[in-house]
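Below are the chains, spelled out letter by letter.
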Amino acid sequence: MRIIFLGPPGVGKGTQADVIATRFAIAKISTGDLLRDGVANGTSLGLKAKQYMDSGGLVPDEVVIGLIEEKLTAPESQSGFLLDGFPRTVAQANTLSEILKTKNQSLDKVVYFVLPKEEIVRRLSGRRSCPKCRAVFHIESIPPKKADVCDFCCTALVQRSDDQPETIQARLSVYEEQTAPLIEYYRGTNILCELDGSGTVTDVQERLLAALSGS
Ligand code: AP5
């Protein structure tokens, strides 16, 4: 199974990605996580990416494409993958299509998560993440058992630097300008499936599993 999760920031893609990747025994490839790892470890990739991420802009295509090519050719991606946060531009989508063509592979489903803007802003503003194990919480909807502490590894939770109000607005504008055109791009391929991202994590997961079960 080869799946793309598409949709605005904060719609809940990352929250669903781990469960779906585990359920279908496929590799989860999150460009956001890979770039944040690079920033945290001070790699040359991280140094290139940081300024774009902090401002809410997209990291240049050539940087992200290099990263994704490496992941797609890795042995763990050969039985399938879930791309969370890639592609984000038409140029990235075209490159992905070329990479898959050379491997005689195709995509099975592009899941487009839909949620009203005010709920997106509420989710992003209340997000808290574990810098160690990457668990994600929400101060109201998915609170940790002990305030500001990760349930799984007891590390102090942090607010992502790009979840500040001005950066959230910048990310939403960048999404509309550069990523939303991919909805029409994939609608033409007949594999786009629109998913209602509202309700609880379990509600969304049930809809998602139903949508993917026909693939
Ligand atoms: P990235 O990390 O990919 O950010 P994003 O796409 O903006 O997505 P988010 O992680 O913000 O949201 P999400 O949809 O995963 O929501 P989540 O599940 O966390 O990218 C970060 C940056 O990296 C980009 O801005 C860019 O600079 C760069 N980048 C990455 N990929 C790139 C690419 N391909 N090209 C160029 N640049 C790239 O949920 C959000 C909150 O809601 C959480 O608190 C969660 O607990 C809560 N929540 C989730 N589901 C529910 C629910 N059902 N009910 C209530 N709360 C919920």
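Thresholds, definitions, all that
- Residues numbered from 1 in each chain as written.
- Predicted model: local features only at pLDDT ≥ 70, side-chain atom pairs only at ≥ 80, totals over all residues.
- Heavy atoms only, no water.
- Helix = DSSP H or I, 4+ residues; strand = E, 2+ residues; numbered from the N terminus.
- Rg over C-alpha atoms; globule rule 2.2 N^0.38 Å.
- Buried < 20%, exposed > 50% of the residue type's maximum accessible area, 1.4 Å probe, protein only.
- Contact = heavy atoms within 4.5 Å.
- Areas by Shrake-Rupley, 256 points an atom, 1.4 Å probe, with all protein chains shown as cover.
- Disulfide = S-S within 2.5 Å.
- Pairing = 2+ DSSP bridges.
- Axes fitted to C-alpha atoms, helices over the stretch in contact; angles between N-to-C directions.
- Near = heavy atom within 4 Å.
- Polar contact = N/O pair within 3.5 Å; in protein donor to acceptor, adjacent residues only side chain to side chain.
- Nonpolar A, V, L, I, M, F, W, Y, C, P; charged D, E, K, R; others polar.
- Core = buried A, V, L, I, M, F, W, Y, C linked by side-chain atoms within 4.5 Å.
- Lys, Arg positive; Asp, Glu negative; His and termini not counted.
- Salt bridge = Lys/Arg side-chain N within 4 Å of Asp/Glu carboxyl O.

A.B. asks: Please set out the overall build of the chain residue by residue, giving values where relevant.
C.D. replies: Secondary structure summary: the chain contains 9 helices and 7 strands in total. On C-alpha atoms alone, the chain measures out to a radius of gyration of 17 Å, which is about the 17 Å that the 2.2 N^0.38 rule sets for 215 residues. With the C-alpha coordinates aligned to their principal axes, the bounding extent of the chain is approximately 50 × 40 × 35 Å. Across the 215 residues in the chain, those meeting the buried criterion constitute 49%. Taking the intrachain contacts of the chain between residues at least 6 apart in sequence as the baseline, contacts between residues at least 24 apart amount to 68%. Entry remark: accessible area of the chain is about 10,600 Å², with carbon and sulfur atoms responsible for 52%.

A.B. asks: Please give an account of the state of the cysteines that cites residues and values.
C.D. replies: All told, the structure shown has 0 disulfides when counted by the stated rule. Of all cysteine sulfurs, the one in C133 lies closest to C150, which takes part in no disulfide; the gap is 3.6 Å. Taking the relative accessible area as the measure of exposure, C150 reaches 2% and is therefore buried. The thiol of C154 is unpaired, and the distance to the nearest cysteine sulfur, on C153, comes to 6.9 Å.

A.B. asks: Describe the sheet that holds strand β3 (residues 81-84), and please don't skip the residues or the numbers.
C.D. replies: Pairing is parallel across the open sheet formed by 5 strands, whose spatial order is β2-β3-β1-β4-β7. Looking along the sheet, the strands with just one partner apiece sit at the ends: β2 (27-30) and β7 (192-196). Sheet twist, expressed as the average angle between the axes of neighbouring strands with direction ignored, equals 20 degrees. Sheet topology places strand β1 (residues 2-6) next to β3; 4 bridges connect them, and they run parallel.

A.B. asks: Please set out the site of the ligand residue by residue, giving values where relevant.
C.D. replies: Near the ligand, the surroundings consist of 35 residues, among which T15, G57, R88, R127 and R171 are the closest. Interatomic distance of 3.0 Å between a backbone N/O atom of V59 and a nitrogen atom of the ligand. F137 is positioned such that a nitrogen or oxygen atom in its backbone is 2.8 Å from an oxygen atom of the ligand. Compared with its free state, where it exposes 1,000 Å², the ligand has 96% of that area covered by protein. Counting residues per element, the ones that place at least two in the shell around the ligand are α1 (13-23), α2 (31-41), α6 (117-125), β6 (136-138) and α9 (201-213). The leading source of residues in the shell around the ligand is α2, at 4 residues. Class assignment of the residues belonging to the shell around the ligand gives a composition of 14 nonpolar, 13 polar and 8 charged.

A.B. asks: Residues and numbers for the nonpolar core, please.
C.D. replies: Core analysis: the largest hydrophobic core is formed by 32 residues, its most contacted members being I4, L83, L96, L107, V110 and Y186. Residue contributions to this core peak at 6 residues, all from helix α4 (residues 61-72). Setting aside anything within four residues of it in sequence, one finds L107 in contact with R2, I4, F81, L96, L100, Y186 and I191. Counting 22 residues, the second-largest nonpolar core is a separate cluster that includes A17, A21, L82 and L212.

A.B. asks: Kindly report on the side chain of D84, identifying the contributing residues and their values.
C.D. replies: Tracing the backbone through its elements, the reader meets D84 in strand β3. No salt bridge forms around the buried D84; measuring N to O, its nearest opposite-charge neighbour K13 is 5.0 Å away.

A.B. asks: Could you give me a rundown of the side chain of H138, with the residues and numbers involved?
C.D. replies: Looking at the element boundaries, H138 is found in strand β6. At a separation of 2.9 Å, a polar atom in the side chain of H138 contacts the main-chain carbonyl oxygen of R122. Polar contacts involving the side chain of H138 include one to the main-chain amide nitrogen of S141, which spans 3.1 Å. Discounting chain neighbours no more than four positions away, the residues touching H138 are R122, R123, G126, R127 and P143.

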